[in-house]
Amino acid sequence: MADDRENNLEFVQENNKTYNLHDLLSSDAMLIGKGNLGNTYKVFLKIGEVVVVKRLRGQFVYGISKENLQELGEVSHENLLPFKAYMFSKHEHLLVYDYMPFGSLYSLLHGGKGNMVLDWETRMKVAYGVARGIEHIHGRGRGVCHGNIRSSNVFLNESYVAQISEFGISQLFSKVGLSSEYSAPEVVKRANQQRDVYSFGVLVLELCTGKDLVREEEGFSLAKWVRLMFQEKEMIDVFDERLRVYKKEKIRVQMVQMLELAICCTFENPKKRPLISVVVKRIDEVLCLRTYCSQKSRNVLNLN
């Protein structure tokens, strides 16, 4: 990263100020991700601390104020990962996050961390945490949304608590809605809460099926693939083979109910998608098995 010493690194909380911009830009960095808005680096500070820096592409940045950035950085919730520092100049646009040693949900789910297998309980916990994080975002106002829900933007801490990064970034930095494998089919210029629900549904389908969307052909729709699979195979065959080993009725009931919820979230008609608050309540019910499992579901999962 090029040196830009005439500018300051602004910290959201002053008590986090343990290094400066020169320390950041002169440290060793390793590219760990490429996204719609820019590249992400793991930076090894000389003071021994490790942070993550997102370097935004210039074409996405316009009219950003310090107040906008400060407000985003101050958002606090167990299931959100806000940036801790930022720097904007003519040549550089940087966001600094805490480093999450377990990495992203994408890397954990698809073998990027030593082929660690996420069991069903952990996947349920992740889905619930992501839903709660989105609920907190949507609760900030009718027009407030995340805008880029995807497994590479979900990180897990040491207790496997899910934390969503990049809250508000796509809305603040991009003049147009971002398109990805998680995007809803409707054509709209800006992200909205209904599209967040669709993207969450795709993420849950990813948790259930184990499908790596990055490796699929361009234009692949996981929601359409799951619906097509229902017509050709038994429901249990849709699930990740690492989940099919579970034989207990409780887990298999949860699996099919989460799959059904994800399908509801990915309805093509946005008006038919549930509110994220309803989704959170539903997952809570599924976790506690306080809902009835239909006879049809029991039959396809061989629970009788």
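Values in this document were obtained by computation on a predicted structure and should not be read as measured data.

(A) Layout of the environment of E285. On the secondary structure map, E285 appears in helix α9 (residues 276–288). Spatially, the C-alpha atoms of E285 and Q254 are 9.7 Å apart, while their sequence positions differ by 31 residues.

(B) Broad picture of the pairing of strand β4 (residues 50–56). The buried fraction of β4 is high, at 5 of 7 residues. Note that strand β3 (residues 38–44) and β4 share 7 bridges and pair antiparallel. Within β4, the position partnered with Y41 by the bridge is V53. Count of turn residues in the β3/β4 antiparallel hairpin: 5 residues, of which G48 carries a positive phi of about 100 degrees. Inspection of the sheet shows β4 paired to strand β6 (residues 93–98) by 5 bridges, in the antiparallel sense. Looking across to β6, one finds that V53 is bridged to V96.

(C) Representation of the pattern of salt bridges within the structure. If you walk through the whole model with that rule in mind, you get 12 salt bridges. Note that K84 is salt-bridged to D98, the shortest N-O span being 2.9 Å. Here the residue K84 occupies a position in the loop between α2 (66–73) and β5 (85–88), and D98 occupies one in strand β6, the gap between them amounting to 14 residues. Classification of K84 by relative accessible area gives buried; the value is 11%. Its relative accessible area of 39% is what places D98 among the partly exposed residues.

(D) Up close: helix α6 (residues 193–209). Relative to the 24 Å expected for 17 residues at 1.5 Å per residue, α6 spans 24 Å between its end C-alpha atoms, a close match to the ideal helical length. By the criterion of burial, α6 is predominantly enclosed, with 15 of the 17 residues buried. The N-cap residue of α6 is N192: its side-chain oxygen and the backbone nitrogen of Q194 are 3.1 Å apart. Remark: G210 follows α6 within two positions and exhibits a positive phi of approximately 75 degrees.

(E) A look at the packing of α6 against helix α8 (residues 249–265). For the pair α6 and α8, interaxial distance at closest approach is 7 Å and the crossing angle is 150 degrees. One way to sum up the angle between α6 and α8 is to call them roughly antiparallel. The chirality of how α6 crosses α8 is left-handed. From α6, V197, Y198, F200, G201, V204, L205 and C208 reach across to α8, where they touch M258, L259, A262 and C265. Residues belonging to the contact of α6 with α8 are distributed by class as follows: 10 nonpolar, 1 polar and no charged.

Basis of the calculations
- Residues numbered from 1 in each chain as written.
- Predicted model: local features only at pLDDT ≥ 70, side-chain atom pairs only at ≥ 80, totals over all residues.
- Heavy atoms only, no water.
- Helix = DSSP H or I, 4+ residues; strand = E, 2+ residues; numbered from the N terminus.
- Buried < 20%, exposed > 50% of the residue type's maximum accessible area, 1.4 Å probe, protein only.
- Pairing = 2+ DSSP bridges.
- Salt bridge = Lys/Arg side-chain N within 4 Å of Asp/Glu carboxyl O.
- Expected span 1.5 Å × (residues − 1).
- Polar contact = N/O pair within 3.5 Å; in protein donor to acceptor, adjacent residues only side chain to side chain.
- Axes fitted to C-alpha atoms, helices over the stretch in contact; angles between N-to-C directions.
- Parallel < 35°, antiparallel > 145°, perpendicular 65-115°, else oblique.
- Left-handed = near helix turned anticlockwise from the far one by under 90°.
- Contact = heavy atoms within 4.5 Å.
- Nonpolar A, V, L, I, M, F, W, Y, C, P; charged D, E, K, R; others polar.

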